[in-house]
Amino acid sequence: MSDDEIQNDGYDQALEAIENGNPYALECPEGHQSMPPRRVCPECGASDLEEVEIPLSGELLSYNVTYVPTPDFKDDVPFVLGIAQFDNVRLTGRVKADAEDVEVGSAVEVGLGESETTERPLVTFDLA
Amino acid sequence: MASAHIAGVGMTEFGEFPERTGRDLFGEAGDTAIDDAGIDREEIDALYVGNFMGELSENQGHMGPLMAKAVGIDAPATRVESACASGGMAVRQAVKDVRNGEADVVLVGGVERMHNMGTTGATGGLSVAADDLWEIRQGITFPGAYALMAQRYFAVHGGDREDLAHVAVKNHANAANNPLAQYQTEISVEKVLDAPPVALPMGLFDSSPITDGAAATVLVSEEYAEEHGLETPVAITGTGQGTDNLALAERDSMVWTPATEDAGQEAYEDAGISKDDVDFLEVHDCFTIAEVLALEGLGFYDEGEAITAAREGETTADGDLPVNLSGGLKAKGHPVGATGVAQVTEITKLFRGDHVNSDAVEDASVALTHNAGGTVASAVVHVLEVAE
């Protein structure tokens, strides 16, 4: 991450944890999980949230093949984007595979990569 | 509860006008609506303006005062932003003002200038309706988000791109003779399936276009209409709004839209109707899959059942439940902040008999508008009825 990048407290640390192979979510006493930054649980409003590990391995719930990007991804297309489930949280990220090798239900492993256009960090899914 | 009566409507041609400013577009739509209402513009008590991304497209925020003067009125003026539901949310504020007695006459409009941004620029501008951290920074676009919903729908409920293509074919057929529509051309299923990819499974003809345009309507109280001898053949009798988690990944389901369900239920109860009373409707078909999810969320089809509605002819102009007789966002065009207002102006004309497709709804008395923001994190529904 470049030094002049605006820092987003909570998000940046969560990405770093993904990069280090120990991703976490925030959990409230009712067991609702969400991704940071959060002051309160988005489901019930509880304020005592704690970091809990989430698994590296998840299941791909859906994917697309993006051809028309936002300006921040103009050199990245085409790419596969997916949503995957990791226990009780879901993440959106770049599927590092050719579209023909991807299907709904594929097992994936979460990691950290970067945009080829901006070199900003992003969530990645490798096919397991 | 009291109704907000529609005294007049106006809409610019929807299309590709990169040189036209937002104020010019809004001025035309607003002026047309005021003329159509036959009221003195000094009578207007309030203005609401729906707009999503003026800051990004033309370096213009604070559109309330700007648009008030674009139509030559001197009234409290407020912009309403709720992504692609900005227009419908602006209508909702106007309806509330008229119903609660805050105002007798309200001008509500919406406007969006998009083509001057180019395709990539507009894609980036629209993307800010998503979650910056966990969606935009991962590369999501709106075609991409709806592609995720479509792919999930196929996996959970079945159906395929060809089913969805029939939605596009239907809406293009409805727009073919609409002089204000962006695409006045019929298309075939083959053309939809062979179109360039945007974000598969969404292709170019699954997607609403980039559109410049504006729409406006004058709402008045029933008492005001009577006192001033205004003809108001159509009234807004119910309004409802729903909100959901912003990010698609935060939802319990990617193929069920609770915001639509909530907005619909509230609007039906507010108007004292059931969905079975509805004769036709305009829904937010920003992508073909979006029309399917809207029809299910509004209760017209069970979950997983609406994907064949267009193919089976149930929602075509001559079907049991015509959907998007204006051409919808798909073919009429989708100047995002104007869309929710344009749905109201088109239904008003359909009821009044001065719309090219009015013949399809000759005996109709109840219609709906459904306008959504983002991946339906926001939804707003209005019930329109032929006034007694």
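Residues numbered from 1 in each chain as written. Chains lettered and ligands numbered in written order. Predicted model: local features only at pLDDT ≥ 70, side-chain atom pairs only at ≥ 80, totals over all residues.

Tallying secondary structure elements over chain B gives 13 helices and 11 strands in all. For a compact globule of 388 residues, the expected C-alpha radius of gyration is about 21 Å, and chain B comes in at 19 Å, within 12% of that figure. Put simply, 78% of the contacts in chain B that link residues at least 6 apart link residues at least 24 apart. (Helix = DSSP H or I, 4+ residues; strand = E, 2+ residues; numbered from the N terminus. Rg over C-alpha atoms; globule rule 2.2 N^0.38 Å. Contact = placed C-beta atoms within 7 Å.)

Structural remark: α-helix, 3.6 residues per turn; residues separated by three or four positions point the same way. Residues and elements named next belong to chain B. The end-to-end C-alpha distance of helix α13 (residues 336-352), which contains 17 residues, comes to 25 Å, matching closely the 24 Å that a straight helix rising 1.5 Å per residue would cover. The axis of α13 is deflected most strongly, by about 30°, at Ala342. Taken across its 17 residues, α13 has 16 buried, putting it largely inside the fold. Taken from the residues just after α13, Gly353 is the one with a positive phi, measuring 100°. (Expected span 1.5 Å × (residues − 1). Bend = angle between axes of the 7 residues up to and from the residue. Buried ≥ 20, exposed ≤ 12 C-beta atoms within 10 Å, placed from the backbone.)

The next point concerns the packing of helix α1 (residues 22-37) of chain B against helix α3 (residues 63-70) of chain B. All names here are of chain B. The contact between α1 and α3 brings their axes to 8 Å, and the two run at 55°. If you check the angle between α1 and α3, you find them oblique. Remark: the crossing between α1 and α3 carries right-handed chirality. Counted together, Gly22, Arg23, Phe26, Gly27 and Gly30 of α1 and Met63, Leu66, Met67 and Ala70 of α3 form the full contact between these two elements. Tallied by class, residues from the contact of α1 with α3 come to five nonpolar, three polar and one charged. (Axes fitted to C-alpha atoms, helices over the stretch in contact; angles between N-to-C directions. Parallel < 35°, antiparallel > 145°, perpendicular 65-115°, else oblique. Left-handed = near helix turned anticlockwise from the far one by under 90°. Nonpolar A, V, L, I, M, F, W, Y, C, P; charged D, E, K, R; others polar.)

All names here are of chain B. Strand order in the open sheet formed by nine strands is β3-β2-β4-β7-β1-β8-β11-β10-β9, and the pairing between neighbours is mixed. Each edge of the open sheet carries a strand with a single partner, namely β3 (77-80) and β9 (280-282). Across this sheet, the average inter-strand angle for adjacent strands is 25°, counted without regard to direction. In the sheet, strand β2 (residues 46-50) pairs with β3 via four bridges, with the strands oriented parallel. (Pairing = 2+ DSSP bridges.)

All names here are of chain B. Mapping Gly88 onto the fold places it in helix α4 (residues 86-99). In this structure, the C-alpha to C-alpha distance between Gly88 and Arg99, residues 11 residues apart in sequence, is 16 Å. If sequence neighbours within four positions are ignored, Gly88 has contacts with Gly340, Thr369, Asn371 and Val380.

Moving on, we come to the packing of helix α6 (residues 142-157) of chain B against helix α11 (residues 288-297) of chain B. Residue and element names in this part refer to chain B. Interhelical geometry of α6 versus α11 gives an angle of 60° and a closest axis separation of 9 Å. Here α6 runs over α11; the crossing is left-handed. From α6, Tyr146, Met149, Ala150 and Tyr153 reach across to α11, where they touch Ile289, Ala290 and Leu293. Residue classes in the contact of α6 with α11 are distributed as seven nonpolar, no polar and no charged.

This brings us to the sheet that holds strand β1 (residues 24-27) of chain A. Residue and element names in this part refer to chain A. The strand order across the open sheet formed by three strands is β2-β1-β3, and the pairing between neighbours is antiparallel. What marks the edges here is a single partner per strand, and that holds for β2 (33-34) and β3 (50-53). With two bridges connecting them, β1 and β2 associate as antiparallel partners. The residue of β2 that forms the bridge with Leu26 is Ser34.

Right, let's talk about the interface of chain A and chain B for a bit. With 30 residues of chain A at the contact, the number on the chain B side is 29 residues. Sorting the residues of the side of chain A that touches chain B by element identifies β4 (57-66), β5 (79-86), β6 (89-95) and β8 (121-127) of chain A as the ones contributing at least two each. The leading source of residues in the side of chain A that touches chain B is β4(A), at six residues. When β4(A) meets strand β5 (residues 197-200) of chain B, the two strands line up antiparallel, connected through two bridges. Across the sheet, A:Thr66 pairs through a bridge with B:Ala199, a residue of β5(B).

We now examine the UniProt feature "domain: Thiolase C-terminal" (unreviewed entry) in chain B. The sites that carry the UniProt feature "domain: Thiolase C-terminal" (unreviewed entry) are, in the present numbering, residues 240-385 of chain B. Helix makes up 32% of residues 240-385 of chain B and strand 16%, and the two end C-alpha atoms of the span are 15 Å apart. (UniProt positions renumbered as here; feature names shortened; annotations may be inferred.)

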